Amino acid sequence: MAVRKNQAKLTKAERRDFVEALLELKRRGGYDKYVETHDRFVMSDLDDQERTGHVSPSFLPWHRQFLLDFERDLQSVNPAVTLPYWDFTVNRSLNDPVFAPDFLGGNGRERDAQVMDGPFAYGGGRWPIYFKVDERPFLMREMGRSKTTPQLPTAATVEAALAAPYYDEAPWNSTSKAGFRNLVEGWANGNTGPHNTVHRWVGGHMNTGMSPNDPVFWLLHCFIDKLWSDWQRRHPKAPAYLPVEPVKDIVALNQPMKPWSEKGQRVTPADMIDHRKFYSYDTDAA
Amino acid sequence: MSDLTRRRVLGRTAAAAAAIVLAGPAVSAYAAESGHDHHGTGSGHRPFDEIYEGRRIEGRLTSGSGGHHDFGIAVFVDGRPLHIMPRGDGWISVINHYEVFASPYEVTRAAVRALRGANLV
Ligand SMILES: [Cu+2]
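Quantities reported herein were computed from a predicted structural model and do not represent experimental measurements.

The rules behind the values
- Residues numbered from 1 in each chain as written.
- Chains lettered and ligands numbered in written order.
- Predicted model: local features only at pLDDT ≥ 70, side-chain atom pairs only at ≥ 80, totals over all residues.
- Heavy atoms only, no water.
- Helix = DSSP H or I, 4+ residues; strand = E, 2+ residues; numbered from the N terminus.
- Buried < 20%, exposed > 50% of the residue type's maximum accessible area, 1.4 Å probe, protein only.
- Pairing = 2+ DSSP bridges.
- Axes fitted to C-alpha atoms, helices over the stretch in contact; angles between N-to-C directions.
- Contact = heavy atoms within 4.5 Å.
- UniProt positions renumbered as here; feature names shortened; annotations may be inferred.
- Buried area = accessible area lost by both parts, 1.4 Å probe.
- Salt bridge = Lys/Arg side-chain N within 4 Å of Asp/Glu carboxyl O.
- Polar contact = N/O pair within 3.5 Å; in protein donor to acceptor, adjacent residues only side chain to side chain.
- Nonpolar A, V, L, I, M, F, W, Y, C, P; charged D, E, K, R; others polar.
- Arc of directions from axis to C-beta.
- Core = buried A, V, L, I, M, F, W, Y, C linked by side-chain atoms within 4.5 Å.
- Expected span 1.5 Å × (residues − 1).
- Parallel < 35°, antiparallel > 145°, perpendicular 65-115°, else oblique.
- Left-handed = near helix turned anticlockwise from the far one by under 90°.
- pLDDT = per-residue confidence, 0-100.
- Phe/Tyr/Trp six-rings, centres within 6.5 Å; stacked < 30°, edge-to-face > 60°.

Enquirer: What exactly am I supposed to notice about unusual backbone geometry here?
Expert: Residue and element names in this part refer to chain A. The step from Leu 242 to Pro 243 runs through a cis peptide bond, and the omega angle for that step is 0 degrees. Here the bond from Lys 258 into Pro 259 is cis, since omega is 5 degrees, no more than 30 degrees from zero. Here Asn 191, not a glycine, exhibits a phi torsion of approximately 60 degrees, which is positive. In this structure, Asn 191 sits in helix H6 (residues 188-191). Even without glycine at this site, Asp 249 takes up a positive phi of about 75 degrees. Among the structural elements, Asp 249 can be located in the loop between helix H8 (216-234) and helix H9 (269-272). Judged by its relative accessible area of 24%, Asp 249 is partly exposed.

Enquirer: I would appreciate a short explanation of the sheet that holds strand S6 (residues 80-82) of chain B in the present structure.
Expert: Sheets are built from strands paired through backbone hydrogen bonds, the pairs being either parallel or antiparallel. All names here are of chain B. Pairing in this open sheet of four strands is antiparallel, and the strands run S3-S4-S5-S6 from one edge to the other. Looking at which strands have only one partner, the edges of the open sheet turn out to be strand S3 (48-52) and S6. Adjacent strand axes in the sheet meet at a mean angle of 25 degrees, parallel and antiparallel pairs treated alike. Across the sheet, helix H3 (residues 104-115) lies against S3, strand S4 (55-61), strand S5 (73-77) and S6, angled at about 30 degrees from S3, the strand it touches most.

Enquirer: Help me understand the UniProt feature "domain: Tyrosinase copper-binding" (unreviewed entry) in chain A, please; the structure alone is not making it clear to me.
Expert: All names here are of chain A. In the numbering adopted here, UniProt assigns the feature "domain: Tyrosinase copper-binding" (unreviewed entry) to residues 54-71 and 214-225. Overall, residues 54-71 shows 72% helix and 0% strand. The separation of its end C-alpha atoms is 20 Å. Secondary structure content for residues 214-225 is 83% helix and 0% strand, while the C-alpha to C-alpha distance between its ends is 18 Å.

Enquirer: Is there a simple way to think about the interface of chain B and chain A in this case?
Expert: Often, the extent of an interface is quoted as the loss of accessible area upon association of its parts. Taken together, the contacts link 31 residues of chain B with 42 residues of chain A. Of the roughly 3000 Å² buried where chain B meets chain A, counting both sides, 54% is carbon and sulfur surface. Counting every contact that joins chain B to chain A gives two salt bridges. The tally of links between chain B and chain A comes to 16 residue pairs in polar contact (both at pLDDT 80 or more). For the side of chain B that touches chain A, the secondary structure elements donating two or more residues are helix H1 (2-18), helix H2 (25-32), strand S7 (84-87) and H3 of chain B. A breakdown of the residues in the side of chain B that touches chain A according to their chemical character gives 16 nonpolar, eight polar and seven charged.

Enquirer: Sorry if this is basic, but what is going on with the environment of Tyr 279 of chain A here?
Expert: Residues and elements named next belong to chain A. Among the structural elements, Tyr 279 can be located in the loop between H9 and strand S2 (280-281). Of the polar contacts made by the side chain of Tyr 279, one reaches the side chain of Arg 4; its length is 3.4 Å. Among the polar contacts listed, one links the side chain of Tyr 279 to the side chain of Arg 64, at a separation of 3.2 Å.

Enquirer: Would you take a moment to explain helix H4 (residues 155-162) of chain A for this structure?
Expert: Turn by turn, an α-helix covers 3.6 residues, leaving residues three or four places apart pointing in a common direction. Residues and elements named next belong to chain A. Buried within H4 are the following residues: Val 158, Ala 161 and Leu 162. Taken end-on, H4 shows its buried residues confined to a sector of 100 degrees, consistent with a single buried face. On the buried face of H4, the contacting elements are helix H5 (180-185), helix H7 (194-202) and H8.

Enquirer: So what exactly am I meant to see when it comes to the nonpolar core here?
Expert: It is characteristic of soluble globular proteins that their nonpolar side chains tend to be buried jointly. Residue and element names in this part refer to chain A. Within the largest apolar cluster, 106 residues are counted, with the highest numbers of intra-cluster contacts made by Phe 70, Leu 74, Trp 86, Phe 180 and Trp 218. With eleven residues, the single largest contributor to this core is H8. The residues contacting Trp 218, other than those within four sequence positions of it, are Tyr 31, Tyr 34, Phe 66, Leu 67, Phe 70, Leu 83, Pro 84 and Pro 212.

Enquirer: For this particular structure, what's the right way to read H8 of chain A?
Expert: When the terminal C-alpha atoms of H8 of chain A are compared, their 27 Å separation across 19 residues agrees well with the 27 Å that a helix rising 1.5 Å per residue should span. Within H8 of chain A, 17 of the 19 residues are buried, which leaves the element mostly enclosed by the surrounding structure.

Enquirer: Help me understand the packing of helix H3 (residues 59-77) of chain A against H8 of chain A in this model?
Expert: To describe two helices that pack against each other, one gives the angle between their axes and the distance between the axes. Residues and elements named next belong to chain A. Where H3 meets H8, the axes come as close as 10 Å, and the angle between the chain directions of the two elements is 130 degrees. In terms of orientation, H3 lies oblique with respect to H8. Pair H3 / H8 crosses with left-handed handedness. Note on element contacts: H8 touches H3 through Phe 217, Trp 218, His 221, Cys 222, Ile 224, Asp 225, Trp 228, Ser 229 and Gln 232, opposite Phe 59, Leu 60, Pro 61, His 63, Arg 64, Phe 66, Leu 67 and Phe 70. Partitioning the contact of H3 with H8 into residue classes produces eleven nonpolar, four polar and two charged.

Enquirer: I'm lost on the pattern of salt bridges in this one. Help?
Expert: Side chains that carry opposite charge are capable of pairing whenever their charged atoms lie near each other. Applying the stated criterion across every chain, the model contains 33 salt bridges over all chains. Put simply, Arg 4, Arg 64, Glu 71 and Asp 225 of chain A are held in one network by salt bridges that share partners.

Enquirer: Whenever I open this one, the confidence of the model for chain B confuses me. Can you help?
Expert: Note: predicted coordinates in regions of low pLDDT should not be interpreted at a detailed level. All names here are of chain B. When pLDDT is averaged along chain B, the result is 72; 60% of the residues meet or exceed 70. The secondary structure element of chain B with the lowest average pLDDT is H2, at 36, and the one with the highest is S3, at 98. Taken as a whole, residues 1-43 scores under 50 in pLDDT and shows 77 contacts with residues more than four places along the chain or in a different chain.

Enquirer: Help me out: how do you make sense of the packing of H7 of chain A against H8 of chain A in this one?
Expert: Residues and elements named next belong to chain A. Contact geometry for H7 and H8: axes closest at 11 Å, N-to-C directions at 160 degrees. The angle between H7 and H8 falls in the class roughly antiparallel. Handedness of the H7/H8 crossing: right-handed. Contact residues: His 195, Val 198, His 199 and Val 202 in H7; Val 216, Phe 217, Leu 220, His 221 and Ile 224 in H8. Of the residues that constitute the contact of H7 with H8, the class distribution is six nonpolar, three polar and no charged.

Enquirer: Looking at this model, I keep getting lost on the packing of aromatic side chains. Mind explaining?
Expert: The geometry of an aromatic ring pair is captured by the separation of the ring centres together with the interplanar angle, meaning the angle of the planes. Residue and element names in this part refer to chain A. Summed over all chains, the structure comprises 30 aromatic pairs over all chains. Between Tyr 122 and Phe 138 the ring centres are 6.4 Å apart and the planes differ by 70 degrees, which places this aromatic pair in the edge-to-face class. Separated by 16 residues along the polypeptide, Tyr 122 in the loop between H3 and H4 and Phe 138 in the loop between H3 and H4 bring together distant segments of the chain. According to the relative accessible area criterion, Tyr 122 is partly exposed, its value standing at 37%. With a relative accessible area of 8%, Phe 138 lands in the buried category. Among the aromatic residues, ring-to-ring pairing joins Tyr 31, Tyr 34, Phe 41, Trp 62, Phe 66, Phe 70, Phe 120, Trp 127, Phe 217, Trp 218 and Trp 260 into one connected group.

This is the structure:
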């Protein structure tokens, strides 16, 4: 069984293998379809229309399957690689090794937000940006420069989401008040929740619909994925997913999710509830 | 891989061309609460056309038969469409996707700041 680890606990060799698998998948042309798919759902997910990837209960199962597909592609390059997670409540400094040149690389420069060091710097020639919001062909970051979001989410913000007694609630969108899903996705409480806050704090591509252009996307979402499992363990009597019965425009427990249903693959939220079918986290009890 | 970029460009252009409709429910809800928004009106959107940080920003009212991405206004930076959408009681764009702004005008200005002089594609 594959184990997903905290990125801070990876060995030097594991860090290198993960980075090399990303670069090789990109070189083979297998990376950018994930950017395209994410953007397609970002563009179509609306508060009052059909929504699957974001602003809806299926945010968590949708991204769980999205990450699984991606992880399997990385494993076709190197079977030993798994997605690491980034606990941004702990590794929260710009000088943290997560942003070192042997791993994700550092901040974008002031002038144009271009990332200048590490494996994904444009100058290295191995990380051109194909799905662009604007003409800039390089990876962009503006870490810590957002006036509204100068800091990463704290452990208290994450704890507030984990403490939610139920998974989600009507109207099942960005205005849902207190369920785990919208607290962790982040629109609740004036858009202060962990997932959205990290997207804004990293900035550059991460603040756009094409956020998977930045590999930090996978480490963020792996942590969010882990939080869903942590929340389930914390609330064993609460339904792990809601709604159970179909509701207009959203995906209920046993309904198939796009884009997989478009490819003849049936993936429902119910299928995605237990991560241990697919992988374990290094914090799971043995 | 330039195929991908081309498709992306076509996708954006088509989306903007299709953006033609009356204000939907989300827009009305937003307009009702938009006391903080200098560019909203009680009945929908106010168009704008001005220079902001050296870039021409435009909000053109749209009207038509409706559709998934018709929100009553289409916005442009130097003539290129910026895809925006309502979120909660505010607005987001493809550039500022995880940050909510009070109005189409404000989200367009935020895009200009993020662009650093680059053109939208
Ligand atoms: Cu995300």
